[in-house]
Amino acid sequence: MKPPPFTYHAPRDLATALRTLQEVGAGGAGGKVLAGGQSLIPMLNMRLVAPAHLVDINRVAGLGGIGREPGGVRVGALARHAEAERSGAHPLLTRALKLVAHPVIRNRGTVVGSLVHADPAAELPAVLAVLGGSVRVARWQDGAAVERDIPAAAFFTGPMESAVLPGELAVSAWFPSLAPGAGCAFVEVSRRHGDYALAGVCAVVGPAGAARVACVGVGPVPVVVDVSAHAPDWAAAARAVREETEPDDDIHATAAYRRHLVGVLAERALREAAQEAENRGA
Amino acid sequence: MEHEITLVVNGAARRVRVPARRLLSDCLRHDLGLTGTHVGCEHGVCGCCTVLLDGEPVRSCLTFAVTVDGREITTVEGLAGPDGLSPVQRAFAECHGLQCGFCTPGFLCTVTAFLEANPVPTEEEVLEGISGNLCRCTGYQNIVKAVHRAAELMAEEA
Amino acid sequence: MTTKLFGEPVQRREDPRLLTGGGRYLDDLGPDALAAAFVRAPHAHARIRDIDVGPALDVEGLVAIYTWEDLPERVGRPLPLLIPHPALTHGRTAYPLARDVVRHVGEPVVMVVAADRYAAEDACALIEVDYEVLKPVVGLEEAVQGAALVHEDVPGNVGAHLVQEVPGADGRGAREAIETAPHTLAFRLDIERSASMPLEGRGVHARWDGRDLRVHSSTQTSTSVRMAVAAALGLPLPRVEVIAPDVGGGFGVKIVHPWPEEILVPWAAMTLGREIKWTEDRREHFISSAHERGQVQYVRVGFDDDGRVLGLDVTILHDHGAYTPYGIIVPIVTSTQLLGPYKIGAYRVEFSAVYTNTVQVTPYRGAGRPQGVFCMERTMDKIARHLGRDRAEVRAANFIGPGEFPYDQGMTFQDGRPLIYDSGDYPEMLRLLKELIGWDSFERAPGRGIGIGCYVEGTGVGPYEGGHVQITSDGRVHVSTGLTSQGQGHETVFAQIAASELGVPIERISVVTGDTRRFGYAVGTFASRAAVVSGSAIALACRKVREKALRIAADALEADPADLEITDGIVHVAGAPNAAVPLSTVAVLANPLRYAFDEETARATQFAGAAAPDRPPVAEGEEPGLEGRDYYSPIRSTFAAGMHAAIVETDPDTAEIRVLRYAVVHDCGRLINPMIVEGQIHGGVAQGIGGALYERMAYDPHGQLVNASFMDFLMPYATEVPHVETAHLETPSPLNPLGVKGAGEAGVIPVSAVIASAIEDAEGFPIDRMPISPSDLFHLRTT
């Protein structure tokens with residue numbers, strides 16, 4: 001289990017990184033971006049992927065950091081899970097991060113990397129989706145860096161597929177703040193502590209009964225359901241969530257179990273989030 | 001193509017030429033002869049290869065050596081002090097926290113960093129702290145005991 | 001006495017090196033060795049049409065590529081069938097490299113040797129093998145239908161079929177006894193596959209210097225690997241040495257030998273004249289080592305109103321995977337150890353060892369016992385439920401009484417010897433367990449259940465082990481035994497035995513295991529046998545050395561040997577501490593010298609006046625040196641026992657299963673080191689929890705192992721393993737000089753049975769298939 005050979009690039013600034021990505025992308029041989037590497041390197045070691053080029057962005061200046069801005073939190077491409085967790089910059093993100101793998105993995109893995117990896121069983125895509133956040137990507141065009149923001153709803157295009165195009169680099173993610181007085185929760189069931197969830201639900205409930213959930217592990221992408229119409233009948237909301245999911249069988253759980261589970265978890269998450277909202281309001 | 005890198009390993013600067021794809025675990029073990037860091041799965045799950053990167057535990061099998069050029073690395077060989085075994089190492093011996101010893105270096109590195117950040121952990125925090133390391137021998141009970149014991153030793157010796 | 005260490009929780013002597021990165025595991029050796037890697041079969045069943053190595057030839061660092069065609073006749077033969085048995089009528093083993101047909105995903109097809117493992121894998125990736133895919137045989141019941149065959153010449157895919165019958169006291173057979181019993185039950189049980197899964201995989205390093213071959217292997221039996229390698233390579237045995245270095249866990253998988261790599265790596269080292277190393281990676285370990293468990297059991301039982309079993313009839317389908325190199329030990333152990341601590345009226349057991357296109361099945365810690373115990377303990381629970389009686393009470397009604405030992409179960413055990421239990425006290429053990437877990441005061445609530453499981457484990461099987469003990473002129477004691485260590489703390493417990501026997505401080509004792517240069521005769525580490533067999537052999541060897549030391553010291557002190565004692569390494573006259581001679585001096589006196597190399601040895605030279613001039617320097621019947629060698633060959637196995645109980649909680653909505661408490665009462669005879677025994681139990685229980693709730697080998701219908709990684713093969717972390725509460729009972733074995741029984745496997749044996757029992761109690765419906773996941777429980781609830 002040793003990675004196949006690749007050409008290594010270690011740009012020190014964003015322009016070089018983008019130029020490199022454009023060049024290696026154009027060659028058709030394919031390039032991969034290396035940030036935390038906690039998902040990519042296992043696949044390399046198993047030789048499930050064999051990119052001709054690896055663009056290591058770990059030394060690129062200006063890609064780190066977690067910025068609290070009006071209306072939300074911007075997380076740079078090199079911000080590690082652990083750093084984002086410790087910062088406590090966003091309550092839902094913090095809760096979700098505690099569920100991501102194990103502490104040692106979180107020391108290296110990046111928030112943006114998890115989004116781009118787009119694993120439908122992962123927590124962070126669901127957080128981005130339920131909050132209606134976005135991912136900022138950049139590419140090199142006509143001698144300059146050009147950026148675009150991709151909203152969460154368009155970002156996750158399939159299992160392990162995101163809207164980031166060849167030659168593009170995800171430079172940051174935007175997690176909008178919760179509305180004042182809103183509560184949130186993230187609950188999941190995994191086989192072992194730290195494993196990808198069999199199913200999981202993150203919920204945001206606003207003071208006026210606006211309620212949204214995003215579910216993991218029950219569809220090709222995070223399944224977002226607006227259940228405001230059911231508030232505060234969370235059991236009915238959970239039934240509605242169940243209707244929206246399309247889980248698959250795998251070796252760890254059947255589709256029927258996942259569908260059942262996501263309803264249970266949706267109800268729990270919504271109750272918890274509503275309780276938090278109520279506590280805030282009080 | 002090979003890259004010349006410098007790693008500060010257990011306090012000493014080590015220069016080494018490695019291909020880009022050389023995993024940090026292999027670099028430490030085979031290029032630098034520090035075979036105390038073990039490789040149990042090479043996909044980041046077992047934790048045997050855990051080392052400290054600038055004081056933080058990371059999987060050396062999920063890290064390319066070139067990526068950490070210039071950084072400080074502590075391996076199990078660097079945990080003991082001039083006066084002998086570290087409190088964590090002593091606690092593992094005292095509590096029978098190891099059997100075959102293969103996973104042990106990863107646990108020692110993880111626990112060393114964990115107790116530095118959290119010197120008086122609860123039972124639940126200890127379990128969370130070591131939750132990313134597999135051991136097939138001990139059933140973890142004596143490892144958990146050793147973490148608490150190490151915390152005691154560190155407090156006594158502080 | 002300071003040196004009486006037997007029975008003390010002595011800290012491990014292995015630990016200082018293992019805690020500082022000073023262990024020497026297989027991959028830590030041979031930094032300059034070439035690396036081997038293998039092209040392995042991607043299909044479960046296929047015929048090899050062609051192998052094209054051409055595309056790999058340009059890989060930088062490539063040294064050699066070998067297929068079966070390249071192997072000399074002797075090397076290319078099928079691997080040995082290690083344990084033949086008359087019932088194994090169709091035993092089959094693999095070739096070291098596949099010849100014509102591959103029979104499971106992962107079977108080695110091409111060997112590559114290169115400068116390092118990266119280059120070797122690059123070459124493997126470029127070698128093209130053309131396969132004609134054949135119909136795979138996956139699943140026990142599909143296999144016995146025989147529509148497709150794993151081996152063309154094994155009809156019905158049945159490699160072995162064995163019926164064993166023990167009639168009741170009235171001479172009637174089990175089936176007849178069941179027919180006429182007041183109550184009968186019939187049911188089916190399933191246990192899925194798991195595997196040993198040590199954190200260090202297998203590995204082989206070989207160096208040939210033109211005359212001698214030195215092989216290091218991460219093995220549980222270095223002496224037997226040595227014989228196998230010498231035979232395959234046609235080398236005289238004294239030219240081959242095999243060493244087990246520090247081994248990162250075994251749990252059974254490393255008792256199998258010779259693995260293909262154990263033949264191929266030494267052969268390639270000789271052929272190329274280069275040092276070569278192969279370190280198994282995790283994916284290889286999943287698909288090319290060995291698995292275990294995997295049985296379907298059909299049970300019929302007849303019993304009386306008190307729950308006493310009058311007749312038990314069990315038919316077992318045992319999944320053996322593609323090959324049977326380790327014979328049919330696993331189903332034999334299942335069918336014999338199924339009886340547990342019970343007197344069964346009449347017993348009939350029949351098993352078929354069935355070939356499938358999956359990884360071969362060989363012993364994994366417990367070695368067939370978890371399946372047998374699952375069967376018997378599920379049966380006990382079902383009887384209790386049927387009669388509306390307490391589950392512990394039904395077990396007690398069937399126990400062998402403490403006054404009934406030795407108890408003959410009337411069968412032949414895995415060592416070919418009668419299944420006679422040596423000692424035990426099962427009612428007392430049950431009393432302790434009930435007290436420990438609070439059986440009688442347990443408050444039943446929805447989603448909370450308590451379970452129980454009992455077992456007897458035959459440990460310390462023969463044929464023998466040996467021990468060598470040498471005291472050198474510096475007063476140090478060097479102990480060696482041939483069997484190997486994989487974390488059991490042998491360096492510590494054997495030193496404790498030697499310290500206690502010899503009266504020497506443990507600090508002066510060193511222990512070497514698994515090195516054929518030090519001890520050439522041994523069997524290996526398996527079947528919880530090291531403490532019993534090597535421990536006894538070392539004790540006997542120590543007694544020889546002690547006797548000799550006393551004889552020589554008596555001469556020097558002009559005393560009667562019967563009046564001498566050894567304390568802290570000094571021989572002295574009892575009650576007269578000044579009439580003393582240290583063992584270091586005795587060692588000098590034991591070895592008359594012509595040449596001195598220090599002051600101590602100068603005392604043994606020919607002009608030093610130590611020897612009587614009228615006797616030969618080495619007396620008749622004596623040998624030079626203060627050393628002794630002895631062997632222990634048990635007449636039959638010792639039988640350890642244990643009883644476990646657990647309290648579980650099941651979530652009414654998510655069907656998650658949590659083990660709230662886990663209690664163990666264990667009896668392995670006299671404890672040498674209670675700390676180490678407890679550690680063995682904790683580890684065994686953790687593996688048992690893995691097997692009960694998390695671990696399975698998920699083969700798809702094509703014979704692909706779809707969870708061949710630690711991401712999807714769910715070995716428990718610390719967060720999944722309950723705290724284990726333990727209590728010990730010590731009924732010494734009358735069979736060996738130390739009164740000990742084995743402890744290595746104990747913890748794992750009843751766990752699936754106990755957890756199933758507890759979940760059944762919590763849920764109120766039968767749990768007949770393990771492992772069980774939340775998804776499984778959800779479906780059981782809804783059907």
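The model shown is predicted, which means the values in this text are computed figures rather than measured ones. Position labels on residues start from 1 in each chain and follow its written sequence. To label them, take the chains in the order written and letter them from A, then take the ligands in the order written and number them from 1. Confidence filtering applies because this is a predicted model: local features only for residues at pLDDT of at least 70, side-chain atom pairs given and counted only at 80 or more, and all residues used for totals across whole chains, interfaces and linings.

(A) Layout of the sheet that holds strand 5 (residues 72-74) of chain B. Residues and elements named next belong to chain B. Only when DSSP finds a minimum of two bridges between them are two strands counted as paired. A helix here means a DSSP run of H or I that spans at least four residues, while a strand means a run of E at least two residues long, and both kinds are numbered starting from the N terminus. Spatially, 5 strands are ordered 2-1-5-3-4 in an open sheet, and the strand pairing comes out mixed. Edge positions in the sheet fall to strand 2 (12-19) and strand 4 (56-59), since each of these pairs with one other strand and no more. On average, each strand axis in the sheet is tilted by 45° relative to the strand beside it, whichever way the strands run. Relative to strand 5, strand 1 (residues 2-9) runs parallel, the two being bridged by 2 bridges. Each bridged residue has a counterpart across the sheet, and for Val9 the counterpart in strand 5 is Ile73. Helix axes use the C-alpha atoms of the stretch in contact, all axes being lines fitted to C-alpha atoms, and the angles between their N-to-C directions lie in the range 0 to 180 degrees.

(B) Region of the structure containing unusual backbone geometry. Between Ala231(A) and Pro232(A) the backbone carries a cis peptide bond, its omega angle lying at -5°. Within the secondary structure, Pro232(A) is located in the loop between strand 14 (223-226) and helix 9 (234-244). With an omega of 0°, the peptide bond running from Met770(C) to Pro771(C) counts as cis. With a phi angle near 55°, Met197(C) is a residue other than glycine that sits in the positive phi range. In this fold, Met197(C) is placed in the loop between strand 8 (183-194) and strand 9 (203-208). Counting other C-beta atoms within 10 Å of a residue's own tells you its class, since 20 or more makes it buried, 12 or fewer makes it exposed, and anything in between is partly exposed; those C-beta atoms are placed from the backbone. Owing to 24 C-beta atoms within 10 Å, Met197(C) belongs among the buried residues under this scheme. Here Ala527(C), not a glycine, exhibits a phi torsion of approximately 55°, which is positive.

(C) Molecular detail of the interface of chain A and chain B. Two residues qualify as a contact pair if the distance between their C-beta atoms, derived from the backbone, is within 7 Å. Taken residue by residue, the interface counts 22 residues in chain A and 20 residues in chain B. Elements that contribute at least two residues to the side of chain A that touches chain B include exactly helix 2 (40-45), strand 3 (53-56) and helix 5 (103-106) of chain A. Put simply, Ala, Val, Leu, Ile, Met, Phe, Trp, Tyr, Cys and Pro go in the nonpolar bin, Asp, Glu, Lys and Arg in the charged bin, and everything else, Gly too, in the polar bin. Among the residues forming the side of chain A that touches chain B, the class breakdown is 12 nonpolar, 8 polar and 2 charged.

(D) Main features of the domain arrangement of chain B. Residue and element names in this part refer to chain B. Start and end positions for the domains come from either an automated domain assignment or a database one. Domain parsing of chain B yields domain 1 (2-77) and domain 2 (87-157). Relative placement of domain 1 and domain 2: their C-alpha centres are 22 Å apart. On the domain 2 side, the residues contacting the 16 residues of domain 1 number 11 residues. Those elements that place two or more of their residues in the side of domain 1 that touches domain 2 are strand 3 (50-53) and strand 4. Considering each element in turn, the side of domain 1 that touches domain 2 owes the most residues, 3 residues, to strand 3. Of the residues in the side of domain 1 that touches domain 2, the class split is 8 nonpolar, 7 polar and 1 charged.

(E) Examining the interface of chain C and chain B more closely. Across the boundary between the two partners, chain C contributes 42 residues, which contact 46 residues of chain B. Put simply, the parts of the chain that give the side of chain C that touches chain B at least two residues each are helix 1 (15-18) and helix 16 (674-694) of chain C. The leading source of residues in the side of chain C that touches chain B is helix 16 of chain C, at 7 residues. Looking at the side of chain C that touches chain B residue by residue, the class counts come to 20 nonpolar, 14 polar and 8 charged.

(F) Fine view of the UniProt feature "domain: Aldehyde oxidase/xanthine dehydrogenase a/b hammerhead" (unreviewed entry) in chain C. Here, UniProt's "domain: Aldehyde oxidase/xanthine dehydrogenase a/b hammerhead" (unreviewed entry) annotation points to residues 20-135 of chain C. For the annotated span residues 20-135 of chain C, helix accounts for 9% and strand for 29% of the residues, and the straight-line distance between the end C-alpha atoms is 51 Å. UniProt positions are given in the numbering used here, feature names are shortened, and annotations may be inferred rather than shown by experiment.

(G) View of the domain arrangement of chain C. Residues and elements named next belong to chain C. Parsing chain C into structural domains produces domain 1 (33-134 + 196-288), domain 2 (159-195 + 290-461 + 635-782) and domain 3 (463-632). One C-alpha centre belongs to domain 1, the other to domain 3; they are set 40 Å apart. Counting residues at the interface gives 16 residues for domain 1 and 16 residues for domain 3. Going through the elements one at a time, helix 5 (222-233) and strand 11 (240-243) are the ones with two or more residues in the side of domain 1 that touches domain 3. Broken down by element, the side of domain 1 that touches domain 3 gets its largest block of residues, 4 residues, from helix 5. Counted by class, the side of domain 1 that touches domain 3 contains 5 nonpolar, 9 polar and 2 charged residues.

(H) Region of interest: the pairing of strand 21 (residues 509-513) of chain C. Residue and element names in this part refer to chain C. The alternating pattern of strand 21 places Ile509, Val511 and Thr513 on a buried face and Ser510 and Val512 on a face that is not buried. Pairing of strand 20 (residues 477-481) with strand 21 involves 5 bridges; the strand directions are parallel. The residue of strand 21 that forms the bridge with Thr481 is Thr513. Every crossover in which the path from the first strand over the helix to the second runs clockwise, viewed with the strands pointing away from the viewer, is termed right-handed. With helix 12 (residues 490-502) bridging strand 20 and the parallel strand 21, this β-α-β connection has right-handed handedness.

(I) Representation of the packing of helix 2 (residues 87-94) of chain B against helix 5 (residues 141-157) of chain B within the structure. Residues and elements named next belong to chain B. Viewed as axis vectors pointing N to C, helix 2 and helix 5 meet at an angle of 135°, and their least axial separation amounts to 8 Å. Viewed along their axes, helix 2 and helix 5 adopt a mutual orientation that is oblique. Taken as a pair, helix 2 and helix 5 cross one another with a handedness that is right-handed. Every residue of helix 5 that contacts helix 2 at Pro87, Val88, Arg90, Ala91, Phe92 and Glu94 is listed here: Ala146, Arg149, Ala150, Leu153, Met154 and Glu157. Throughout, the term roughly parallel applies to angles under 35 degrees, roughly antiparallel to angles over 145, roughly perpendicular to angles from 65 to 115, and oblique to all others. Crossing chirality is assigned from the near helix's rotation relative to the far helix, an anticlockwise turn below a right angle marking it left-handed and a clockwise turn marking it right-handed.

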